[in-house]
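Geometric and topological summary
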Amino acid sequence: MNDKLEYELNEDIQAVAPIEEPARQEYFMNKCHEIIEQFIIDNGRAPGFHVATFGCQMNAHDSEKLVGILEKIGYKEVEDEDKADFVIFNTCTVRENANQKLYGHLGSLKKRKQSNKDMLIGICGCMMQQPETVDVIRNKYAFVDMVFGTFNFYKLAELLYKRLSGSERQIIEVLAKPELNVENLPERRKYSFKSGVNIMYGCNNFCTYCIVPYVRGRERSRTPEDILCETRRLVSDGCVEIMLLGQNVNSYGINFLEESEIIKENPDYDFPDLLEDVCRIDGLKRVRFMTSHPKDLSDKLIDVIARNPKVARHIHLPVQSGSSSILKAMNRRYTKEDYMALVDKIRAKLPDVSLTTDIMVGFPGETDEDIQDTIDVIKYAKYDQAFTFIYSIRTGTPAAKMEQTDPKLVNERFNRVLEVVRDSCTEVSGRFEGETKEVLVECLNDHMEGYVTGRMDNNILVHFPGDESLIGSFVNVKLNEAKGFYYMGESIKNQ
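This is a predicted model, so every value here is computed, not measured.

1. Section: the side chain of S260
- Tracing the sequence through the fold places S260 in the loop between β10 (241–245) and α9 (261–265).
- Given a relative accessible area of 5%, S260 falls into the buried group.
- A polar side-chain atom of S260 sits 2.7 Å from a polar atom in the side chain of E225.
- When neighbours within four sequence positions are excluded, S260 is seen to be in contact with T223, P224 and E225.

Structure representation (structure tokens):
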């Protein structure tokens, strides 16, 4: 890079230093756009990008914003990673093997990057909040252009401008803790008719197996004003379904990011209050939330759901284990009996609710008796779906220092639990066979021509005859046949 360009770049960055976000990022989006326009003139096409997303719905929502920023800059999305000029990996670090999968992706892209001088590779997300992982990228994958974390993903345009301008060969900017939470960024939603809305960030629970509090930080809540304003904007843009997102939505109300008049008037304002306020928004037809920690799910929340038909009759209630001793070792702060009593409370006021859960097998110290406790809870709770997985060591968590269980034994126990889950969930989820339910159509069916796929408010999938014109609309569907974890149905208009 010549001295003149470097001077201009430094001048640009200094000039916008005092500007508050997101105006600062708007500035860099425009500067990047100028560079991309020149690329288009030189190459006769727009550069392509591909965002590969791993992990939870929070990550998926972050990726929608990354996509929105890149499209505003002038990039064009391509489905094939191998045809992209800019590949971004939005990473998850819940599983230990996630790192190896990422390194495998990077290795396959190295030769492509060597043959394409314009190609860029970026990595962001939870995995980048681990210093040892960033060191590996810096030392072994020097061809990676950009590395940024969960606390500054909104700065994509600024970091990209530095790289496109040539001021730095490899840009690494990972914040150890959040400095700002910038909303109202450009975003390109996967679905035009539904969207997620972040209500809080981070986690304070410190379950002994989980890395999330270390990579997402402590809990910070957005103000009710911000959340309601964003939701109204989405509804005016055509959204009929909103999912309220947080690592633990039930603890919403801690450490607000900004001053709030609503909170000043009602210092006890909490998640049930927010949920009720969201339901009052005209034009919004369905509200979901994810995820609930059992220790914080209150009677007040159950009552709010019961009296608000807009709230989906689906609660994801991760149990992790049915053993009180293992739950204590996990630092979950409830017992087997507490959890089952909570299930009773929910079903007493929401008899048709669909409960789903996460179940971990193989936590350090787990015995056959502990597995039987988990099986007891599965049968008692009558889940519609249970996401069952084997415990994965996460370096830096307390459980990683515990004595680990023999993998062969863990696999045997996992298969036992999985068999119970399959049998129980198949029986429970089929209870609506023959009934007519309202389904929000999401897409054309990938495997059956002339069919569409949608979800009931309890989150169960339904496939039925239809065409593209139904996407984004609510349709009354008769559930003709239960197929385990989905239904085959027919629109009552077609009968």
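2. Some remarks on the sheet that holds strand β13 (residues 354–361)
- Here we have three strands laid out as an open sheet, ordered β12-β13-β14, and parallel in their pairing. Here the strands that pair on one side only, and so sit at the sheet edges, are β12 (314–316) and β14 (385–390). The sheet shows a mean angle of 15° between the axes of neighbouring strands, direction not considered.
- Direction of pairing for β13 relative to β14: parallel, over a ladder of six bridges. In the sheet register, I359 faces β14, and the bridge partner there is T388.

3. Quick notes on the sheet that holds strand β11 (residues 286–290)
- Ordered by their spatial adjacency, three strands build an open sheet running β7-β10-β11, and the pairing between neighbours is parallel. Two strands close off the open sheet at either side, each with one partner strand: β7 (194–198) and β11. Each strand axis lies, on average, 25° off the axis of its neighbour in the sheet, ignoring direction.
- Where β10 meets β11, five bridges bridge the pair, whose relative direction is parallel. Looking at β11, one finds that M243 is bridged to R288.
- Strands in contact with helix α10 (residues 271–279) are β10 and β11; relative to β11, the strand with the most contacts, it is inclined by about 155°.

4. Regarding the side chain of T223
- Within the fold, T223 resides in the loop between β9 (220–221) and α8 (224–236).
- Reaching out from T223, the side chain makes a polar contact with the backbone nitrogen of D226 at a distance of 3.1 Å.
- What T223 contacts, discounting residues up to four positions off in sequence, is Y252, F256, E258, E259 and S260.

5. Brief notes about unusual backbone geometry
- With an omega dihedral of 5°, the bond running from M290 to T291 counts as a cis peptide bond.
- For T291, the location among the structural elements is in the loop between β11 and α11 (299–307).
- One non-glycine residue, N331, lies in the positive phi region at around 65°.
- When you line up the elements, N331 lands in the loop between α12 (324–330) and α13 (336–349).

6. Describing the packing of aromatic side chains
- Applying the stated criterion across every chain, the model contains 12 aromatic pairs.
- Note on F28 and Y161: the rings are 5.6 Å apart at their centroids and 45° apart in plane angle, and the pair reads as tilted. Of this pair, F28 sits in helix α2 (residues 23–43) while Y161 is found in helix α6 (residues 156–165), placing the two residues 133 residues apart along the sequence. Exposure class is identical for F28 and Y161. Each is buried.
- A centroid spacing of 6.0 Å and a plane angle of 35° characterise the contact between Y334 and Y339, whose relative ring orientation is tilted.
- Overall, the relative accessible area of 1% leaves Y339 in the buried class.
- Here the basic side chain of K194 rests over the ring of Y191, its NZ or CZ set 4.7 Å away from the ring centre.

Calculation notes
- Residues numbered from 1 in each chain as written.
- Predicted model: local features only at pLDDT ≥ 70, side-chain atom pairs only at ≥ 80, totals over all residues.
- Heavy atoms only, no water.
- Helix = DSSP H or I, 4+ residues; strand = E, 2+ residues; numbered from the N terminus.
- Buried < 20%, exposed > 50% of the residue type's maximum accessible area, 1.4 Å probe, protein only.
- Polar contact = N/O pair within 3.5 Å; in protein donor to acceptor, adjacent residues only side chain to side chain.
- Contact = heavy atoms within 4.5 Å.
- Pairing = 2+ DSSP bridges.
- Axes fitted to C-alpha atoms, helices over the stretch in contact; angles between N-to-C directions.
- Phe/Tyr/Trp six-rings, centres within 6.5 Å; stacked < 30°, edge-to-face > 60°.
- Lys NZ or Arg CZ within 6 Å of the ring centre and 35° of its normal.

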